[in-house]
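Next come the chains, spelled out residue by residue.
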Amino acid sequence: MVLFSLLFALPGGCAGAVSAAALEGAASGVRLSLSLAGTLCLWSGLVKVMEQARLDRKLARLLSPLLRRLFPQAGKDEQTMGRICANVSANLLGLGNAATPLGIEAVRRMKGGADTASNELCRLVVMNTASIQLLPTTVAALRGTAGAASPFDILPAVWVTSLCSVSAGLAAAFLFQRIWRM
């Protein structure tokens, strides 16, 4: 794309504008990366504080009845269920990047030595992909960086779309589980 831009800018005498736009785009990318890195550090630190204060265990107990129904086999192993609960909790707080390591650890524990993914593992992947969120902190940080006056005014739309995407994903996962069982 850069090559095509330069090829078309040179004959039109716009090479200066293209290079200025490229430099401004690079500067904007660095600013955005730094603001997101700061947000990620803040929320990752908050997750660590929650772990130290054992709030993650309390949240896990709160989410446990629902998650044990979705993951009955994983629910038999306390550490696996703890990682699943922590992953879901991080996603609820909109911390997709902080949730990823927790999800990977849960997947490793759920997979064990198997060569194929279990139905529960597929459901966990679906839940992570759909990412139900109560507080979309990363999106709010992006909106705040872009100059939005009220970065969290998107909450109702996020709640509805999150609930719909997770519900549709889990319904599809259960449907495919039944189809393959036949």
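Residues numbered from 1 in each chain as written. Predicted model: local features only at pLDDT ≥ 70, side-chain atom pairs only at ≥ 80, totals over all residues. Heavy atoms only, no water.

Chemist: I keep staring at the environment of L124 and nothing clicks. Help me out?
Modeler: Here L124 lies in helix α6 (residues 119-130). Not counting chain neighbours up to four residues away, the residues in contact with L124 comprise F71, I84, N87, G103, A106, V107 and M110. (Helix = DSSP H or I, 4+ residues; strand = E, 2+ residues; numbered from the N terminus. Contact = heavy atoms within 4.5 Å.)

Chemist: Would you take a moment to explain a positive patch on the surface for this structure?
Modeler: Where like charges cluster on the molecular surface, the positive patch consists of R54, R57, K58 and R61. A relative accessible area of 49% places R57 in the partly exposed class. (Patch = residues over 30% accessible without salt bridge, like charges linked within 9 Å, V, L, I, M, F, W, Y side chains within 5 Å. Areas by Shrake-Rupley, 256 points an atom, 1.4 Å probe, with all protein chains shown as cover. Salt bridge = Lys/Arg side-chain N within 4 Å of Asp/Glu carboxyl O. Lys, Arg positive; Asp, Glu negative; His and termini not counted. Charge placed at Lys NZ, Arg CZ, Asp CG, Glu CD. Buried < 20%, exposed > 50% of the residue type's maximum accessible area, 1.4 Å probe, protein only.)

Chemist: Looking at this structure, I do not really get a nonpolar patch on the surface. What am I missing?
Modeler: Among the surface-exposed residues, L3, F4, L7 and F8 lie close enough to one another that they form a single nonpolar patch of about 510 Å² accessible area. Relative to the assigned elements, F4 resides in helix α1 (residues 2-12). For F4, a relative accessible area of 57% corresponds to the exposed category.

Chemist: Is there a simple way to think about the packing of helix α5 (residues 96-111) against α6 in this case?
Modeler: In helix packing, the relevant descriptors are the interaxial angle and the interaxial distance, both defined with respect to the helix axes. Interaxial distance between α5 and α6 falls to 10 Å at its minimum, and their mutual angle equals 170 degrees. With respect to α6, the axis of α5 lies roughly antiparallel. Every residue of α6 that contacts α5 at G103, A106, V107, M110 and K111 is listed here: E120, L121 and L124. Of the residues that constitute the contact of α5 with α6, the class distribution is five nonpolar, one polar and two charged. (Axes fitted to C-alpha atoms, helices over the stretch in contact; angles between N-to-C directions. Parallel < 35°, antiparallel > 145°, perpendicular 65-115°, else oblique. Nonpolar A, V, L, I, M, F, W, Y, C, P; charged D, E, K, R; others polar.)

Chemist: Teacher, can you tell me more about the nonpolar core here?
Modeler: Nonpolar side chains tend to gather and get buried jointly when the protein is soluble and globular. Counting residues in hydrophobic clusters, the biggest one holds 18 residues, and the most contacted among them are L67, F71, I84, V88, M110 and M127. Listed by contribution, the elements that provide at least two residues to this core are α3 (55-70), α4 (78-92), α5, α6 and α8 (155-181). Here this core takes five residues from α4, the largest share from any one element. Apart from the residues within four sequence positions on either side, V88 is in contact with L63, L67 and M127. (Core = buried A, V, L, I, M, F, W, Y, C linked by side-chain atoms within 4.5 Å.)

Chemist: Please explain helix α7 (residues 137-145) as it appears in this structure.
Modeler: Because an α-helix packs 3.6 residues into every turn, residues spaced three or four apart end up facing the same way. Taken residue by residue, α7 has T137, A140 and A141 as its buried positions. Taken end-on, α7 shows its buried residues confined to a sector of 100 degrees, consistent with a single buried face. Just beyond α7, the residue with positive phi is G147, at close to 100 degrees. (Arc of directions from axis to C-beta.)

Purely geometric stuff here, so don't read any function into it on its own.
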